[in-house]
Structure formats: C-alpha cells, structure tokens
Amino acid sequence: MFRSLKYLIIVLLLVGEISAIAQNKTDLPEQFIVILGIAQDAGYPQSACEKECCKAFWEGKETKKLVSCLGIVDRSANQIWMLDATPDFKEQLKLLKEFQTDKSTQLIDGIFITHAHIGHYTGLMDLGREAIGSDKTPVYAMPRMKSFLQNNGPWSQLVNLNNIVFNDLKNESTVQLNDNINITPFLVPHRDEFSETVGYKISGPKKSAIFIPDIDKWNQWDKDITQEIAKIDYAFLDGTFYKNGELPNRDMSLIPHPFIEESIQTFSKMEQIEKAKIFFIHFNHTNPLLKSNAKELKELQEKGLNIANEKQIFGI
C-alpha cells in the first residue's frame, strides 16, 4: 500500500505509459521498451537448486522467470531490437516479434550485448547452423566482446558462416537505430574476465531509460547513479541479490553486485518522483523479490521503489 496519496499520484504520472502487454496491440505506444525477462543468468528455477526458493516453482506455487532481457520496439518503423541474447532467446524472440506490425524479411533488427557472462550472450547459439541458421543478424558489441566471439568456438562459427555480423560499439558513442530511437553504451565495472561490461541508455522521441543489469557496486563506478537517474525516465538496475549472506556456502565478495539493501540506502535521499523511476531486474533465484507475496517486495514498494515484471511496457 502506498504511504500517501501524493506518492500514488506521482507514480501514476510517471508511469502513465507503463502497462502489461495488451491483447489489443493497436493501443500500444509507437515506440516502447518491453521487459522480456527478469532473472539472473541461470534463470528461475535454477538447476540443481533444492532450496525453498526453487521448490516453490516445482510445487506449482511460482511461475518460471526468463533471464534478464529488454526488447525495443518501433511499431511505426516495424523494427525490433533486443538487449542481450539469453538462454531463453527463443521465447523472448517470439514475444518480441509479436509486436511487429507486419512481417519482416529480417529476423531481428539488432542484438546488443552487455558482456560475456553466460546469461547475456549464449542465446546467440540459436542463430547458428544447428538452429535458425540466420543470415547476417546484426550484433552490436564492444571491442573485447567482439574479439571474444570471433576467437572462441562455437561462437566463431557464427561469424565464419555469416550467421551474425558485427556493428562495433564505442564507450559513450551513440548509435542511431532509426529516426526515432538511439542507444548509447557506457562502461561499468563488473568482473571483466572475458569482455568489458556496458550498460545502455535508450532514447526515444519522448522518454529515455538506462539498463544496467550487472555492476559490481555503485560506489565503484566513476559516475553517480543518482545523477544518472535524474537525467532519464526509467532505470532498469542490477537487483541480483537482496542482501549479503544470500548464498550461505559461497563467498559473495567473489560475485559482487550492489545488494538491494545497499541500493535502498543509496537511493534513500532521492525525491519520490526520482525513486519511482527505478525498476530492479536480474534477480538471482535466491532473491525473495521473485516471489509475488514476499514481504520484502511490499517493503520495497513502500520505500517508493519497483521491480520489473515480464511483459511490462514502457513508452519512450
């Protein structure tokens, strides 16, 4: 329940163009972002997990959650793009293509990769000879990410067979997707074993958003996240773990992310209208925010913050 009518009005004004996927596609915005997945790289439920978090799925108490991914749609131009290629690529591509206003000769207008951790690029396998066998699907990648795909099998076969073609990205250099939408990659710190890691700023005719599914800690970034949020309309941010100790048998300092408890503190002094822009995403299977009736979810909402939900639409 919202703490005040004033806050409720603020949220309604801010997210006036947000909705679940409409059955009647004609009442959608011309340009929008759609949430295609919200889970961490390994999805929900996670393999071999016998804890209560995943038991809830196997017992029919919770639904499957697809891996963190955004889609960008321009219905006026009949174009679609995807941010990250996840292990759930087939379901996410199907969902995204349902928004096209007409059949297209192109499978997808582009795939933007954030980094080389397994949940963010391995969906490219569906473009290969054993699956779609796509023809020159555009893949947007930073230099190390491009080199990783070019020089390591089986990904190199996608390149050699022209299943994918690269569009090079540079830090803070804007890519004009069409007359209505542009996208800008920006570097963030995050265990860069195989590639650099980027977030993306997406700008449409009316609104803009940032997407940062993975980052080590907010205070390790050379930018102030609260100032970055002030510049845009929506912020889809790393919500991997709710708190320290969530993985009792693992050293969580080796897999750093900003715990949501830390993010709550980071964002505590922001105005309510700024907090309402924030939508956490990329939840580990242990994160209680994946559960629809979690007390942590209610507490988060009472603090003026949100979580992303699959099939949510954000007009841009």
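In what follows, the structure referred to is the one given above.
Residues numbered from 1 in each chain as written. Predicted model: local features only at pLDDT ≥ 70, side-chain atom pairs only at ≥ 80, totals over all residues. Heavy atoms only, no water.

Some words on the side chain of Thr240
Rules: Numbering goes from the N terminus for both helices and strands, where a helix is a DSSP run of H or I of at least four residues and a strand is a run of E of at least two. Pairing of N or O atoms within 3.5 Å defines a polar contact, subject to two protein rules: one partner must be a possible hydrogen donor and the other a possible acceptor, and residues neighboring in sequence count only if both atoms are side-chain atoms. We call two residues contacting when some pair of their heavy atoms lies within 4.5 Å.
Of note, Thr240 is situated in the loop between strand S12 (234-238) and helix H8 (260-266). Among the polar contacts listed, one links the side chain of Thr240 to the side chain of His282, at a separation of 2.8 Å. Not counting residues up to four positions away in its chain, the partners in contact with Thr240 are Gln40, Pro213, Glu246, His257, Ile281, His282, Phe283, Asn284 and Asn287.

What about the pattern of salt bridges?
Threshold: In the sections that follow, a salt bridge refers to a side-chain nitrogen of Lys or Arg positioned within 4 Å of a carboxyl oxygen of Asp or Glu. Throughout, exposure labels follow a simple rule: accessible area from a 1.4 Å probe, protein chains only, divided by the maximum for the residue type, with under 20% read as buried, over 50% as exposed, and the rest as partly exposed.
Inspection of the entire model under this criterion finds 14 salt bridges. For Lys61, the salt bridge identified is with Glu59, shortest N-O distance 3.1 Å. Looking at Glu59, the relative accessible area reads 49%, which means it is partly exposed. Between Asp126 and Lys90 there is a salt bridge whose closest N-O contact spans 3.9 Å. A residue pair is termed long-range when its members are at least 10 positions apart, and Asp126 in the loop between helix H4 (118-121) and strand S6 (137-141) and Lys90 in helix H3 (residues 89-97) qualify at 36 residues. Exposure remark for Asp126: the relative accessible area of 14% places this residue in the buried category.

What about the nonpolar core?
Where we set the bar: As used in this record, nonpolar core signifies buried Ala, Val, Leu, Ile, Met, Phe, Trp, Tyr and Cys residues forming a set joined through side-chain atoms within 4.5 Å.
By size, the foremost hydrophobic cluster in this structure holds 60 residues, and its most contacted members are Ile202, Ile212, Phe236, Leu237 and Phe267. Excluding residues within four positions of it along the chain, Ile202 makes contact with Ile33, Leu70, Ile72, Leu83, Ile181, Asn182, Ile183, Lys207, Ser208, Ala209, Phe211 and Ile316. In terms of nonpolar packing, the next biggest core, distinct from the first, is built from 32 residues, Leu28, Met82, Leu124 and Ala141 among them.

Here's the deal with empty space enclosed by the protein
Heads up, the rule is: We place a 1 Å grid over just the protein atoms. Points where a 1.4 Å probe fits but has no way out form a cavity, open points with protein on both sides within 12 Å along at least 5 of 7 lines form a pocket, and any residue with an atom within 4 Å of a point lines it. Grid points are joined across faces, edges and corners, and a volume is the space filled by probe spheres set on the points. When residue character is reported, Ala, Val, Leu, Ile, Met, Phe, Trp, Tyr, Cys and Pro are called nonpolar, Asp, Glu, Lys and Arg charged, and the others, Gly included, polar.
Counted under the stated rule, the structure contains 1 cavity of 30 Å³ or more. The computed volume of the largest cavity comes to approximately 30 Å³. Forming the boundary of the largest cavity are His115, Ala116, His117, Arg191, Asp192, Glu193, Phe194, Ser195 and Thr197. A breakdown of the residues in the lining of the largest cavity according to their chemical character gives 2 nonpolar, 4 polar and 3 charged.

Concerning helix H10 (residues 295-302)
Helical geometry: 3.6 residues make up each α-helical turn, so side chains three or four residues apart lie on a common side. Under the convention used in this document: As used here, the arc is the angular range of directions from the helix axis to the C-beta atoms.
All buried positions along H10 are accounted for by Glu296, Leu297 and Leu300. Looking down the long axis of H10, one finds its buried residues gathered within 100° of arc, a one-sided arrangement. In the core, the buried residues of H10 are packed alongside H8, strand S13 (278-281) and strand S14 (306-307). Gly304 sits one or two positions beyond H10 and adopts a positive phi of about 90°.

Thoughts on the pairing of strand S9 (residues 182-187)
The side chains of a regular strand alternate, residue by residue, between the two faces of the sheet. The line we're drawing: The pairing criterion for strands is at least two bridges between them, as found by DSSP.
In terms of burial, S9 is largely enclosed, as 5 of its 6 residues are buried. Here strand S8 (residues 175-176) runs beside S9; their pairing, made up of 2 bridges, is antiparallel. Note that in S9 the partner of Val175 across the bridge is Ile183. Here S9 runs beside strand S10 (residues 198-203); their pairing, made up of 6 bridges, is antiparallel. The partner of Phe186 across the bridge, within S10, is Gly199.

Some words on the sheet that holds S12
Strand order in the open sheet formed by 7 strands is S8-S9-S10-S11-S12-S13-S14, and the pairing between neighbours is mixed. The open sheet has two edge strands, S8 and S14, and neither has a second partner. Where S13 and S14 come together, 2 bridges link them in parallel fashion. When the sheet's bridge partners are listed, Phe279 is paired in S14 with Asn306.

In short, the description is geometric, and any link to function would need to be established separately.
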